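Examining the three-dimensional arrangement
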Amino acid sequence: MRTVKPKKFLGQHFLTDLGIASDIADTVDACPDLPVLEVGPGMGVMTQFLVQKPRQVKVVEIDYESVEYLRRTYPELEDCIIEDDFLKMHLERTFGGSPFVLTGNYPYNISSQIFFKMLDYKELIPCCTGMIQKEVAERMAARPGSKAYGILSVLLQAWYDVEYLFTVEPGVFNPPPKVRSAVVRLTRNNTTELGCDEKLFRRLVKTTFNQRRKTLRNNIRPLLSALIAEQNPAADFSGLLADPVMTKRPEQLSVQDFVNLTLRLQAYL
């Protein structure tokens, strides 16, 4: 049977080790009884283990060649193969509005975008697992004060418990990537709301990490100027800028610290 040639522009690196594929597929068992959506199945190396589980499995694949291969190889998935761009999907339609587990050997060139999209549907996705670039996995799981701690760390950990499960070496892929990979699992925590404006929270986190070596006082100024222009021309943030917290760097702040800072911003608007 003709195989699929990995396409560089799609960031495809096909996993060839069946043992690792089985291990990744088993990570979804942390959230039993829920259907599974696999992103970027390629030639189905993980899919073959997912379909053995007693739950519904759907796959989304943008590569037409991979879609044809999946249809030939896994006829039982015929009605469950979604030929689409995951980043453009309306995920509330995937399983009729019901929650599901997200998994996959994610394309490295869009892995961060995949997790940002997941956050938009966090009420539908109580569990997310899969393989990504090791560096990204380390950022997701990083704690305050570490060099890896950043935007992904804060935004994901606000809603999910992040587990770095295991590392995967380049030699088990075709073609081998130039970086090591890692498997992660994200499970929704008990947070139902942050208690602050979530859009402003995201904006604050992203702005303050733009130049992570600078202090909050320097990093936050563009956001304050924008908020004055957009919401309250009379807002005076001089008191906030004089606060000792502004001498810290963004990686020193916990998720709750960013929530508290968001609330302080709101009080000026």
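Here, the structure is the one placed above.
Rules of the game
- Residues numbered from 1 in each chain as written.
- Predicted model: local features only at pLDDT ≥ 70, side-chain atom pairs only at ≥ 80, totals over all residues.
- Heavy atoms only, no water.
- Helix = DSSP H or I, 4+ residues; strand = E, 2+ residues; numbered from the N terminus.
- Buried < 20%, exposed > 50% of the residue type's maximum accessible area, 1.4 Å probe, protein only.
- Phe/Tyr/Trp six-rings, centres within 6.5 Å; stacked < 30°, edge-to-face > 60°.
- Contact = heavy atoms within 4.5 Å.
- Expected span 1.5 Å × (residues − 1).
- Arc of directions from axis to C-beta.

1. So, unusual backbone geometry
Of the consecutive residues Asn174 and Pro175, the connecting peptide bond is found in the cis state with omega at -10°. A positive phi angle is found at Asp33, which is not glycine, with a value near 75°. The residue Asp33 is located in the loop between α1 (18–26) and β2 (36–39) in this model. Judged by relative accessible area, Asp33 falls into the exposed class, the value being 72%.

2. With respect to the packing of aromatic side chains
This model, assessed by the stated rule, comprises five aromatic pairs. Pairing Phe95 with Phe100 gives two aromatic rings, centres 5.4 Å apart and planes at 45°, and the pair type is tilted. Judged by relative accessible area, Phe95 falls into the buried class, the value being 10%. Judged by its relative accessible area of 0%, Phe100 falls in the buried class.

3. Brief notes about the environment of Asn210
Along the polypeptide, Asn210 turns up in the loop between α7 (198–208) and α8 (216–230). Linking Asn210 and Pro250, residues 40 residues apart in sequence, is a C-alpha distance of 9.5 Å.

4. With respect to the side chain of Ser181
Within the element layout of this structure, Ser181 appears in strand β9 (residues 181–188). On the accessibility criterion, Ser181 (0% relative accessible area) is buried. Other than its neighbours up to four places away in sequence, Ser181 contacts Tyr108, Met131, Ile132, Gln133, Lys134, Phe166, Thr167, Val168 and Phe173.

5. Quick notes on the environment of Gln211
With respect to the element layout, Gln211 can be found in the loop between α7 and α8. In sequence terms Gln211 and Pro250 are 39 residues apart; their C-alpha atoms lie 9.1 Å from each other.

6. Focus: helix α10 (residues 255–267)
Think of an α-helix as turning once every 3.6 residues; residues three or four places apart then point the same way. Counted at 1.5 Å a residue, the expected span for α10 with its 13 residues is 18 Å, and the 19 Å between its end C-alpha atoms agrees. Taken residue by residue, α10 has Val255, Phe258, Val259, Leu261, Thr262 and Leu265 as its buried positions. Viewed along the axis of α10, the buried residues span an arc of 165°, placing them on a single side of the element.

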